[in-house]
Structures are given as structure tokens and as C-alpha cells.
Amino acid sequence: MVENSELRKAGLKVTLPRVKILQMLDSAEQRHMSAEDVYKALMEANEDVGLATVYRVLTQFEAAGLVVRHNFDGGHAVFELADGGHHDHMVNVESGEVIEFFDEEIEKLQKAIVSKHGFELVDHNLVLYVRKQKV
């Protein structure tokens with residue numbers, strides 16, 4: 001089982017709640033999920049995992065590098081599996097939808113700006129807050 005090896009690689013003990021939460025994050029149609037979203041999905045799948053356990057496990061996953069926490073729209077935390085690939089985000093302010101994107105020009109421009117100011121880019125997180133254009 002892939003989940004077991006992922007947990008072991010991250011230095012976490014393989015427990016049923018951890019495996020269920022990791023499976024839920026991996027199989028969910030929605031890539032960015034709050035702890036409440038994970039909990040509701042587990043309940044709908046008749047999995048007996050409490051909300052406090054979901055919060056605790058997601059925090060453990062974040063510390064172990066299995067998930068990335070994002071605080072979009074005023075501190076509401078959502079989690080996504082850490083797949084190693086960099087991408088930026090757009091958040092639809094009307095629906096809350098999170099859209100992932102990658103743009104090479106934006107990446108180059110950010111590095112150029114940082115360099116121009118005498119720095120080296122270590123990491124970044126770009127979030128654009130958007131709404132559908134009015135026609």
C-alpha cells in the first residue's frame with residue numbers, strides 16, 4: 001500500500017486514521033481541502049475518524065512535509081498533498097474555488113526582481129484573488 005510507505009518515509013507511524021486521511025486527500029476530486037472538508041468526506045464514506053483527529057493528523061502531515069497548508073481568504077486553512085511541483089494559486093473571491101497555475105514568465109520576473117534588489121529567491125507563494133469578468 002503506497003500510503004503506508006509514504007507515512008513511513010515521512011517518519012510517521014502507520015495508523016488507520018492517518019491512512020484513511022491520506023487516502024482521502026489522494027483520491028478527492030477537490031485538491032485543496034479544509035480539515036472540515038476532509039472530516040465531512042470521511043463521514044460520507046462511513047469512516048469513523050473524529051474532527052479533532054483530522055486536525056491533529058493534518059498538522060502532523062504538514063510537519064512531515066506530506067501536505068502544504070495554505071491560508072486563503074482571511075485565514076481559512078486548506079491543505080493539499082505536497083507533490084513536489086511548484087505552482088501558484090488563484091482564489092475566486094465569489095465562490096472560494098482555488099485554481100492552480102504555473103507561468104514561466106511570472107517565475108522569471110520574480111527572480112529578476114529579487115536579483116535587481118540584491119537578493120536570491122529562496123521560496124515564494126503567489127496568490128491572486130480573482131472574480132469572473134463582467135460581460
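Quick caveat: nothing in here was measured; it's all calculated off a predicted structure.

(A) A look at the packing of helix 2 (residues 16-27) against helix 4 (residues 51-64). Helix 4 packs onto helix 2 with a crossing angle of 75° between their chain directions and a minimal axis gap of 10 Å. Judged by the angle between their axes, helix 2 and helix 4 are roughly perpendicular. Facing helix 2, whose interface residues are P17, R18, I21, L22 and L25, helix 4 presents T53, V54, V57, L58, Q60 and F61. Partitioned by chemical class, the residues of the contact of helix 2 with helix 4 number 8 nonpolar, 2 polar and 1 charged.

(B) Spatial organisation of the sheet that holds strand 3 (residues 88-92). Overall, mixed pairing links the 3 strands, which are arranged 4-3-5 in an open sheet. Edge strands, defined here as strands with exactly one partner in the open sheet, are strand 4 (98-101) and strand 5 (127-130). Each strand of the sheet is rotated relative to its neighbour by a mean of 25°, with strand direction disregarded. Pairing of strand 3 with strand 4 involves 4 bridges; the strand directions are antiparallel. Along strand 4, the bridge assignment pairs M90 with I99.

Parameters and conventions
Residues numbered from 1 in each chain as written. Predicted model: local features only at pLDDT ≥ 70, side-chain atom pairs only at ≥ 80, totals over all residues. Heavy atoms only, no water. Axes fitted to C-alpha atoms, helices over the stretch in contact; angles between N-to-C directions. Helix = DSSP H or I, 4+ residues; strand = E, 2+ residues; numbered from the N terminus. Parallel < 35°, antiparallel > 145°, perpendicular 65-115°, else oblique. Contact = heavy atoms within 4.5 Å. Nonpolar A, V, L, I, M, F, W, Y, C, P; charged D, E, K, R; others polar. Pairing = 2+ DSSP bridges.

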